Amino acid sequence: MGGKKDREILIRTDGLTKVYGNTIVAVSKLNLEVRKGEIFGLLGPNGAGKTTTIRMLLGMTEPTAGKAFIGEYDCTRNPIDVKRMTGYLPDNVGFYGDMSGKENLRFTGRLNNIPEKELGEKIDSLLERVGIPDAGDQKVRTYSLGMKQRLGIADVLIKDPHIIILDEPTVGIDPEGVRQLIEIILKLSHEDGRTLLISSHQLYQMQQICDRVGIFFQGKLVACGSIEELASESGVEQGRTDILDEIYHRYFERREQ
Amino acid sequence: MYALYRKELADHVDSVRFLIILIIAFLLAGVSLYSALGGIATAGQGDASQGIAPTPFTFLQLFVQSNGTIPSLASFIALVGPIIGLLLGFDAINSEKNAGTLNRLLAQPIYRDAVINGKFLAGLTVVVIIVAGMVLIVSGVGLFRTGIPPTGEEVMRLLVFAVFSIVYIAFWLGLSILLSVVTRSAATSALLVVAVWLLFAFFISLISSGIAGALYSPDTVTGLEGAATFQQSFDRISPTILYSESVGTILDPTVRTLGITSVAQYDQLSAGVAGVLPMSQSLLLVWPHLVGMIALMLGAFAISYIVFMKQEIRGA
């Protein structure tokens, strides 16, 4: 994994700040760098500013101060270019229930200007890849949560993005579904060489997949690095099965004091 | 934006709602035509005892004439047009917000305004189809039943009538979309549109006569005139009133003025120049109405556009 440290930086924030109203600080002076091909985990309790950060990266929310860049693009000024190269799977992703899975994907494909004649084949191969090859013609209304999440991944992949941002991708999914989802996510990184930014509070899962993590607390990034680095920094012994859980807990306690 | 427009239009056409609108439209066309044919049968002969000549614009009568119990197509559209606009727009944005699809949509490389423009244009397309359908049904069946072909001027007047109807319903579409941007639940926006509709269609004249009664003394001629003028101006806030007045003028060339006239003035008007207004003069009479209605429609859409562009869209 050491080689990834020398790669180009794909996601960068520079003093990124979001204040709601005049008082509620959602994200405070965030400096973050994610390199090409990395799987970066955004950890933190609910309301710590993870989703707000993601939304600023996609240009869907305007930062109060600071800047965010994806590739060479300023996320606030060139949201269209950013969204062209970035796939985003929101938490509680929604699909049009009256349309079939394939129709939903086709619509997203059209919005991304993918030629009509490539679309059909692409959709079939994506459904195959996320493990729901036979559900494509069913209305999404009939999908289970796990199936919807897989369709969400296919929806993200249709534009063939360099960067994939997943917001709480495993919430509410059964253990076997989570295992398969993690497998898909790992392949996106290791086989396709895509860069992933994943927000979650499922620490054990994140420990399995992330190259580096950042821990958020009340809008601030309190720790950032590989799990080994954070373990030695916070004095947690290496090789524990619940190592990330312990690290998280230590940083949390430190902040509370 | 084309992909969005296409999807929205397909959604409309596939929906149960569209079927309901179609049924309403066909029923209105059929019933009003029945009513108009009954009315024309008696009115067409004129009323010799009162010195009323038969109207020369028989074909237009299909759209304004009634048999006394069932309203004409023009009055039907004034009344039901808002409901069509409502059905097409009341859940445009908020239902997508609640379903979490808007969030996903906005993560695609499209400009945000493409979403709301696509929705408005798709709704507008449906309105055009419905209005054209109603006018064509009434014209076609009416032509068949009366055997009187429309003159060139009548066709032009019908086109203007269709434009007015489209703009009128589009205003309600814009208002529905606006409320769907501002409110969280589709039920709230639908109820609010119904409330505005009731206000503009039924209660506005009660309110205006109430205010006029308080402002002007009914004992003097000037008081009466002032009250009537005030009431008319106040009523014209309502797009329903604007629409009714303007299509009444366009479809009935014998309407010579929309202002308040005394009996003496009216006699003068009718005695001075006999017959009917040419189309250009009818148009001139309702030009401000058309401008007003377009302004209302664009206003409703512009506000929803601005609010939507500035809105923070979060997950459900």
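Up top is the structure these notes are about.
Residues numbered from 1 in each chain as written. Chains lettered and ligands numbered in written order. Predicted model: local features only at pLDDT ≥ 70, side-chain atom pairs only at ≥ 80, totals over all residues. Heavy atoms only, no water.

> What is the right way to look at the nonpolar core in this model?
A general feature of soluble globular proteins is that nonpolar side chains tend to end up buried together. Core analysis: the largest hydrophobic core is formed by 110 residues, its most contacted members being F63, L105, V115, F161, F164 and Y243 of chain B. Ranked by the residues each element gives to this core, the list is headed by helix α8 (residues 152-182) of chain B, at 17 residues. In this structure F164 of chain B touches Y243, S246, V247, I250, V286, H289, L290 and M293 of chain B, once residues within four positions along its chain are discounted. Counting 49 residues, the second-largest nonpolar core is a separate cluster that includes I158, V178, L196 and A223 of chain A. (Core = buried A, V, L, I, M, F, W, Y, C linked by side-chain atoms within 4.5 Å. Buried < 20%, exposed > 50% of the residue type's maximum accessible area, 1.4 Å probe, protein only. Helix = DSSP H or I, 4+ residues; strand = E, 2+ residues; numbered from the N terminus. Contact = heavy atoms within 4.5 Å.)

> Explain the side chain of S139 of chain B here, please?
Residue and element names in this part refer to chain B. Following the sequence through the fold, S139 ends up in helix α7 (residues 112-146). Look at S139 and you get buried, because its relative accessible area is 13%. At a separation of 2.6 Å, a polar atom in the side chain of S139 contacts the main-chain carbonyl oxygen of V135. In this structure S139 touches F59, F63 and L158, once residues within four positions along its chain are discounted. (Polar contact = N/O pair within 3.5 Å; in protein donor to acceptor, adjacent residues only side chain to side chain.)

> Help me understand helix α10 (residues 221-235) of chain B, please; the structure alone is not making it clear to me.
Each α-helix winds once per 3.6 residues, and so residues spaced three or four apart point in a common direction. Residue and element names in this part refer to chain B. Over its 15 residues, α10 runs 21 Å from end to end, which matches the ideal 21 Å to within 8%, given 1.5 Å per residue. Buried within α10 we find G223, G226, A227, Q232 and D235. Looking at the buried residues of α10, the elements they touch are α9 (186-215) and α11 (239-251). (Expected span 1.5 Å × (residues − 1).)

> For this particular structure, what's the right way to read the sheet that holds strand β8 (residues 195-200) of chain A?
Adjacent strands of a sheet pair through backbone hydrogen bonds, lying either parallel or antiparallel. Residues and elements named next belong to chain A. Taken in spatial order, the 6 strands of this open sheet run β6-β7-β8-β3-β9-β10, and their pairing is mixed. Whereas interior strands pair on both sides, the edge strands pair on one side only; in this sheet they are β6 (86-89) and β10 (220-225). The mean inter-strand angle of the sheet, taken between neighbouring strand axes irrespective of direction, is 15°. This element, helix α9 (residues 243-256), spans β3 (39-43), β9 (212-217) and β10 of the sheet and lies at about 30° to β9. (Pairing = 2+ DSSP bridges. Axes fitted to C-alpha atoms, helices over the stretch in contact; angles between N-to-C directions.)

> Help me understand the packing of aromatic side chains in this model?
By convention here, two paired aromatic rings are described through the distance between centres and the angle between planes. Applying the stated rule across the entire model yields 13 aromatic pairs over all chains. Aromatic pair F217 of chain A and F252 of chain A: ring centres 4.6 Å apart, planes at 70°, arrangement edge-to-face. Of the two residues, F217 of chain A sits in strand β9 while F252 of chain A sits in helix α9, which places them 35 residues apart along the sequence. A relative accessible area of 8% means that F217 of chain A is categorised as buried. Arranged with centres 6.3 Å apart and planes meeting at 50°, the rings of Y216 of chain B and F230 of chain B form a pair that is tilted. You can see Y216 of chain B sitting in the loop between α9 and α10 and its partner F230 of chain B sitting in helix α10, a full 14 residues away along the chain. (Phe/Tyr/Trp six-rings, centres within 6.5 Å; stacked < 30°, edge-to-face > 60°.)

> Just to check I follow, could you spell out unusual backbone geometry for this structure?
Residues and elements named next belong to chain A. Positive phi outside glycine occurs at K29, with the angle close to 40°. Looking at the element boundaries, K29 is found in strand β2 (residues 24-35). Residue D160 is not a glycine yet carries a positive backbone phi of 55°. With respect to the helices and strands, the residue D160 is situated in the loop between α5 (145-157) and β7 (163-167).

> Please clarify how the sheet that holds strand β5 (residues 73-74) of chain A should be interpreted in this entry.
All names here are of chain A. The sheet built from 4 strands is open, its strands ordered β2-β1-β4-β5 with antiparallel pairing. The sheet is open, and its two edges are formed by β2 and β5, each paired on a single side. Packed on one face of the sheet, helix α1 (residues 50-57) meets β1 (9-20), β2 and β4 (65-70) and runs near 120° to β1.

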